[in-house]
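Chain by chain, the residues run as shown.
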Amino acid sequence: MQSSFGMLTMFELLIGVYLIYAAIKGDGKLYENDYLKCSREEYVKGMRRLALLTGVIMLLSSGLELLGVTEPNSVLSWILWFITFGSIILMMVYSVKKTDREAAKAGKSTGAASPEKPHDPLRAAFVFDDDEDEEQSEGK
């Protein structure tokens with residue numbers, strides 16, 4: 001059972017490193033949201049702060065466990081786990097609060113979203129249902 005805790009701890013360490021990297025870099029899937037209530041800059045700034053906070057918490061939590069400072073299933077390790085989980089929930093709540101649900105339901109991108117990417121002609125070589133999607137949208 002000890003090895004399963006080691007794998008979970010390593011996974012937490014990797015996610016913490018990724019979140020810190022994403023917070024420093026400032027772009028990626030973590031920041032994609034086409035239906036924002038606020039400006040993209042404001043959304044990314046807040047999400048970067050939360051990603052950095054969560055990444056540092058995850059890095060510290062997993063680092064303490066890997067170094068043997070905290071034992072798996074100890075009270076301290078559970079407290080750190082709940083703090084980590086809470087910071088992840090905080091990131092999700094922030095994203096939900098900044099999302100314009102009305103625009104998302106209507107399928108309309110808001111002005112705060114990044115510009116739409118141009119049509120890629122090479123995409124047709126790999127995605128075969130584009131023609132069907134266009135025919136269905138024209139038929140409605």
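Details of the structure are given in the entry above.
Summary of the structure given here. (Residues numbered from 1 in each chain as written. Predicted model: local features only at pLDDT ≥ 70, side-chain atom pairs only at ≥ 80, totals over all residues. Heavy atoms only, no water.)

**Structural notes on the overall build of the protein**
Right, on to step 1. A tally of regular secondary structure across the protein gives five helices and zero strands.
Right, on to step 2. The N-to-C order of helical and strand elements in the protein reads α-α-α-α-α.
Right, on to step 3. Here the protein holds 140 residues, and 30% of them are scored as buried.
Right, on to step 4. Sequence-distant contacts in the protein: of pairs separated by 6 or more residues, those separated by 24 or more amount to 71%.
Right, on to step 5. Accessible surface computed for the protein: about 10,200 Å², of which carbon and sulfur atoms make up 64%. (Helix = DSSP H or I, 4+ residues; strand = E, 2+ residues; numbered from the N terminus. Buried < 20%, exposed > 50% of the residue type's maximum accessible area, 1.4 Å probe, protein only. Contact = heavy atoms within 4.5 Å. Areas by Shrake-Rupley, 256 points an atom, 1.4 Å probe, with all protein chains shown as cover.)

**Let's talk about the nonpolar core**
Right, on to step 1. Judged by nonpolar contacts, the single largest core of 14 residues is most densely connected at Leu19, Tyr31, Tyr43, Met47, Ala51, Met91 and Tyr94.
Right, on to step 2. Within the residue set of this core, elements represented by two or more residues are helix H1 (2–25), helix H2 (40–66) and helix H3 (75–97).
Right, on to step 3. Excluding its chain neighbours within four sequence positions, the residues that come into contact with Ala51 are Leu19, Ile20, Ala23, Leu30, Tyr31 and Met91. (Core = buried A, V, L, I, M, F, W, Y, C linked by side-chain atoms within 4.5 Å.)

**As for the side chain of Glu65**
Right, on to step 1. You can see Glu65 is positioned in helix H2.
Right, on to step 2. The buried charged residue Glu65 lacks any salt bridge partner; its closest oppositely charged side chain belongs to Arg48, at an N-O distance of 28 Å. (Lys, Arg positive; Asp, Glu negative; His and termini not counted. Salt bridge = Lys/Arg side-chain N within 4 Å of Asp/Glu carboxyl O.)

**Re the packing of aromatic side chains**
Right, on to step 1. The tally for this structure, following the rule as stated, stands at five aromatic pairs.
Right, on to step 2. Aromatic side chains Tyr43 and Tyr94 sit 5.8 Å apart centroid to centroid with 15° between the ring planes, which places their arrangement in the stacked category. Note that Tyr43 is positioned in helix H2 and Tyr94 in helix H3, a separation of 51 residues in sequence.
Right, on to step 3. The exposure class of Tyr94 is buried, given its relative accessible area of 17%.
Right, on to step 4. Here the aromatic rings of Trp78 and Phe82 are separated by 6.2 Å at their centres, their planes lie at 35°, and the arrangement is tilted. (Phe/Tyr/Trp six-rings, centres within 6.5 Å; stacked < 30°, edge-to-face > 60°.)

**What about the packing of H2 against H3?**
Right, on to step 1. Taken N-terminus to C-terminus, the directions of H2 and H3 make an angle of 165°; their axes are 10 Å apart at the nearest point. Between H2 and H3, the crossing angle belongs to the class labelled roughly antiparallel. H3 is crossed by H2, and the crossing has left-handed handedness. Here Glu42, Tyr43, Gly46, Met47, Leu50, Ala51, Thr54, Ile57, Met58, Ser61, Leu64 and Glu65 of H2 come into contact with H3, specifically with Ser77, Leu80, Ile83, Thr84, Ser87, Ile88, Leu90, Met91, Tyr94 and Ser95.
Right, on to step 2. Along the lines of polarity and charge, the residues of the contact of H2 with H3 split into 13 nonpolar, seven polar and two charged. (Axes fitted to C-alpha atoms, helices over the stretch in contact; angles between N-to-C directions. Parallel < 35°, antiparallel > 145°, perpendicular 65-115°, else oblique. Left-handed = near helix turned anticlockwise from the far one by under 90°. Nonpolar A, V, L, I, M, F, W, Y, C, P; charged D, E, K, R; others polar.)

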